[in-house]
Amino acid sequence: MTDLPSLRETLDAHGLLAKKSFGQHFLLDLNVTRKIVRYAGPFEGRAVIEVGPGPGGLTRAILESDAGKVVLVEKDPRFIPLLSELDDGSGRLAIVEGDALKVREAELVEGPAHLVSNLPYNVGTPLLIKWLTGPWQPCALTLMFQKEVAERVVAAPGDDAYGRLAVITQAVADARIVMHLPAAAFTPPPKVASAVVHVVPRAERPSPERLKKLERVTAAAFGQRRKMLRSSLKQLGGAALCEAAGIEPDARAEVIDIAGFLRLADALK
Ligand code: SAM
């Protein structure tokens, strides 16, 4: 990686400017991308899928690591030739032009794989939900979000940021913020600060049916988060549902912990 031109030179050589519609804010400092990859690893030869590699700053750091196969999924075709320059021909790197929301990860890698991404902000949340609740599961995810979204992922009951995203994530995985980045770390800088979240799915995760019910209950409960559960959950059974789950019907969603939401999901018909 050390003989390659700098990321800025590469962008200039290809005449590439960031596109707002693709949520493009690049990390051009390899010291920063190497640090993110250290939090993501060690990979010990396992595959890594990187979503939205863009000019390849994180990709270069992943390629320097102990990752086995490295699969890139990039929607913007302008970056494909530039990313191809990182391919040493050994077969370790695969570049997929496509939409990460639609891609079937199980077809891209064999065996356990890590996910690493400086996510496009407009699709960060749906992608996290896809990887946590979908049929294919990574062994760990290291993802850059807007700081405010990162806080929603790791929030605890009673926090302002506690809501659906925290409940769904933490029902499936352990999640923590490992790094904060100011807007100035990106080119061009976004309007908000960012944070890297490291998410490790637990071996025992709720079944897909249970997760679907959890999504229904949390959508209703947090859709009207200032209301008591007896009223926000009215369509799903209201006070009777709460009582069946051992939850106080006059409580509000923001104080119910993950175990409480799972009991509500289990009590759903
Ligand atoms: N990883 C690069 C970095 O850190 O400098 C770029 C990060 S930039 C925030 C997000 C990247 O995701 C862009 O390259 C953008 O084109 C790509 N992208 C946006 N939407 C995507 C999608 N649905 N599927 C795959 N890539 C996407």
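Residues numbered from 1 in each chain as written. Predicted model: local features only at pLDDT ≥ 70, side-chain atom pairs only at ≥ 80, totals over all residues. Heavy atoms only, no water.

- As annotated in an unreviewed UniProt entry, the chain is Ribosomal RNA small subunit methyltransferase A from Brevundimonas faecalis.
- A UniProt comment under Sequence similarities (unreviewed entry) is attached to the chain, and it reads "Belongs to the class I-like SAM-binding methyltransferase superfamily. rRNA adenine N(6)-methyltransferase family. RsmA subfamily."
- The UniProt entry for the chain carries this comment under Subcellular location (unreviewed entry): "Cytoplasm". (UniProt positions renumbered as here; feature names shortened; annotations may be inferred.)

1. What to know about the side chain of Glu-50
- Note that Glu-50 resides in strand S1 (residues 47-51).
- Buried charge without a salt bridge: Glu-50, with Arg-60 as the nearest opposite-charge side chain at an N-O distance of 10 Å.
- If we skip the residues at most four places from it in the chain, Glu-50 touches Leu-58, Thr-59, Ile-62, Val-71, Leu-72, Val-73 and Val-116. (Helix = DSSP H or I, 4+ residues; strand = E, 2+ residues; numbered from the N terminus. Buried < 20%, exposed > 50% of the residue type's maximum accessible area, 1.4 Å probe, protein only. Lys, Arg positive; Asp, Glu negative; His and termini not counted. Salt bridge = Lys/Arg side-chain N within 4 Å of Asp/Glu carboxyl O. Contact = heavy atoms within 4.5 Å.)

2. Overview of the pattern of salt bridges
- Under the counting rule described, the total for this entry stands at 13 salt bridges.
- For Asp-76, the salt bridge identified is with Arg-78, shortest N-O distance 3.0 Å.
- Looking at Arg-78, the relative accessible area reads 25%, which means it is partly exposed.
- Note that Lys-147 and Glu-151 form a salt bridge whose closest N and O atoms lie 3.3 Å from each other. One end of the pair is Lys-147 and the other is Glu-151, both in helix H6 (residues 147-154) and four residues apart, which spans about a single turn.

3. Description of the packing of aromatic side chains
- A complete count under the given rule lists three aromatic pairs for this structure.
- Between the aromatic rings of Phe-26 and Phe-79, the centroid separation amounts to 5.6 Å while the plane-to-plane angle is 80°, which identifies the pairing as edge-to-face. With Phe-26 in the loop between helix H1 (7-13) and helix H2 (30-40) and Phe-79 in the loop between strand S2 (70-74) and helix H4 (80-84), this residue pair connects regions lying 53 residues apart in the sequence.
- Classification of Phe-26 by relative accessible area gives buried; the value is 7%.
- Measuring from ring centre to ring centre gives 5.9 Å for Tyr-162 and Phe-222, while their planes differ by 85°; the resulting arrangement is edge-to-face. Here the residue Tyr-162 occupies a position in the loop between H6 and helix H7 (164-172), and Phe-222 occupies one in helix H8 (residues 208-223), the gap between them amounting to 60 residues. No difference in accessibility class separates Tyr-162 from Phe-222, as the two residues are buried.
- Clustering of aromatic rings is evident, with ring pairs tying together Tyr-162, Phe-222 and Phe-261. (Phe/Tyr/Trp six-rings, centres within 6.5 Å; stacked < 30°, edge-to-face > 60°.)

4. Concerning the confidence of the model for the chain
- In this model, the chain carries an average pLDDT of 94, and 99% of its residues clear a pLDDT of 70 or more.
- Across the interface, the model reports ipTM at 0.99; the global pTM reads 0.94. (pLDDT = per-residue confidence, 0-100.)

5. What about unusual backbone geometry?
- Here the amide bond leading from Gly-41 into Pro-42 is cis, since omega sits at 0°, within 30 degrees of zero.
- Within the fold, Pro-42 resides in the loop between H2 and S1.
- Cis rather than trans, the peptide bond between Thr-187 and Pro-188 has omega equal to -10°.
- Among the secondary structure elements, Pro-188 is positioned in the loop between strand S6 (173-181) and strand S7 (194-201).
- Although it is not a glycine, Glu-44 sits at a positive phi angle of roughly 50°.
- Judged by its relative accessible area of 56%, Glu-44 is exposed.

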